[in-house]
Amino acid sequence: MMESFALAKALEIKIRAREEQWRRNEDLFYLDNARDPSPFFQWLGRMFAATRSHSKATKKADRPEIRRSACDGNNSCGQAACSRM
C-alpha cells in the first residue's frame, strides 16, 4: 500500500513539473497534447463535405419549373428577355 502512495506522489510531482514547463513554453503544451483525429472522424468529415457539395450542385439544377415567362402581361416589362415593348 505504501508503494501505491509513493507511486501516486511521484506521478503528481511529474505532472506538476510538466505543467510548469507548459507555463513557460506554450508550444510544448501543444506538442504534448496535439493529436490527429481518428480515421473514422476524418472519413466522416470527408463524406459530409462530399454530400454537401453534391447537394449544392444539384440544388440549382433541380428547381421546379416556374410556369410564367418574363412578360406575362400585355404591358411592357423591364427585362431584356421580353420581346414586347
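Up top is the structure.
Let us look at the structure shown here. (Residues numbered from 1 in each chain as written. Predicted model: local features only at pLDDT ≥ 70, side-chain atom pairs only at ≥ 80, totals over all residues. Heavy atoms only, no water.)

Attention now goes to the overall build of the chain. In terms of helices and strands, the chain carries 3 helices and 0 strands. N-terminal to C-terminal, the α/β element order of the chain is α-α-α. Relative to its full complement of 85 residues, the chain shows a buried share of 5%. (Helix = DSSP H or I, 4+ residues; strand = E, 2+ residues; numbered from the N terminus. Buried < 20%, exposed > 50% of the residue type's maximum accessible area, 1.4 Å probe, protein only.)

Any two side chains of opposite charge can pair, on the condition that their charged atoms come close. Within the structure shown, the criterion is met by 4 salt bridges. A salt bridge links aspartate 32 to arginine 18; its shortest N-O distance comes to 2.5 Å. Remark: arginine 18 occurs in helix H1 (residues 2-24) and aspartate 32 occurs in helix H2 (residues 26-33); sequence separation between them is 14 residues. In this structure arginine 18 comes out as partly exposed when scored by relative accessible area, which is 29%. (Salt bridge = Lys/Arg side-chain N within 4 Å of Asp/Glu carboxyl O.)

What follows concerns the packing of aromatic side chains. Enumeration over the complete set of coordinates arrives at 4 aromatic pairs. A centroid spacing of 5.1 Å and a plane angle of 80 degrees characterise the contact between tryptophan 22 and phenylalanine 29, whose relative ring orientation is edge-to-face. The class for tryptophan 22 is partly exposed, based on a relative accessible area of 22%. Both rings, one in phenylalanine 40 and one in phenylalanine 41, keep their centres 5.5 Å apart while their planes meet at 65 degrees; by these two values the pair is edge-to-face. You can call phenylalanine 40 partly exposed: its relative accessible area is 48%. These aromatic residues form a ring-pair network of at least three members: Trp22, Phe29 and Tyr30. (Phe/Tyr/Trp six-rings, centres within 6.5 Å; stacked < 30°, edge-to-face > 60°.)

Another aspect to go through is the environment of glutamate 19. Summarising the element assignment, glutamate 19 is placed in helix H1. Overall, the relative accessible area of 33% leaves glutamate 19 in the partly exposed class.

Across the interface, H1 lies against H2 with an axial gap of 5 Å and an inter-helix angle of 125 degrees. Classed by the angle they form, the pair H1 and H2 counts as oblique. Counting all contacts with H1, which are made through Arg18, Gln21, Trp22 and Arg24, the residues of H2 involved are Glu26, Leu28, Phe29, Asp32 and Asn33. (Axes fitted to C-alpha atoms, helices over the stretch in contact; angles between N-to-C directions. Parallel < 35°, antiparallel > 145°, perpendicular 65-115°, else oblique. Contact = heavy atoms within 4.5 Å.)

A few words now on a nonpolar patch on the surface. Residues Phe40, Phe41, Trp43, Leu44 and Met47 make up a contiguous nonpolar surface patch of roughly 540 Å² in combined accessible area. By the secondary structure assignment, methionine 47 is in helix H3 (residues 39-61). (Patch = residues over 30% accessible without salt bridge, like charges linked within 9 Å, V, L, I, M, F, W, Y side chains within 5 Å. Areas by Shrake-Rupley, 256 points an atom, 1.4 Å probe, with all protein chains shown as cover.)

Here the focus is the environment of tryptophan 22. Structurally, tryptophan 22 is set in helix H1. Spatially, the C-alpha atom of tryptophan 22 lies 9.2 Å from that of aspartate 32, the residues being 10 residues apart in sequence. Other than its neighbours up to four places away in sequence, tryptophan 22 contacts Leu28, Phe29, Asp32 and Asn33.

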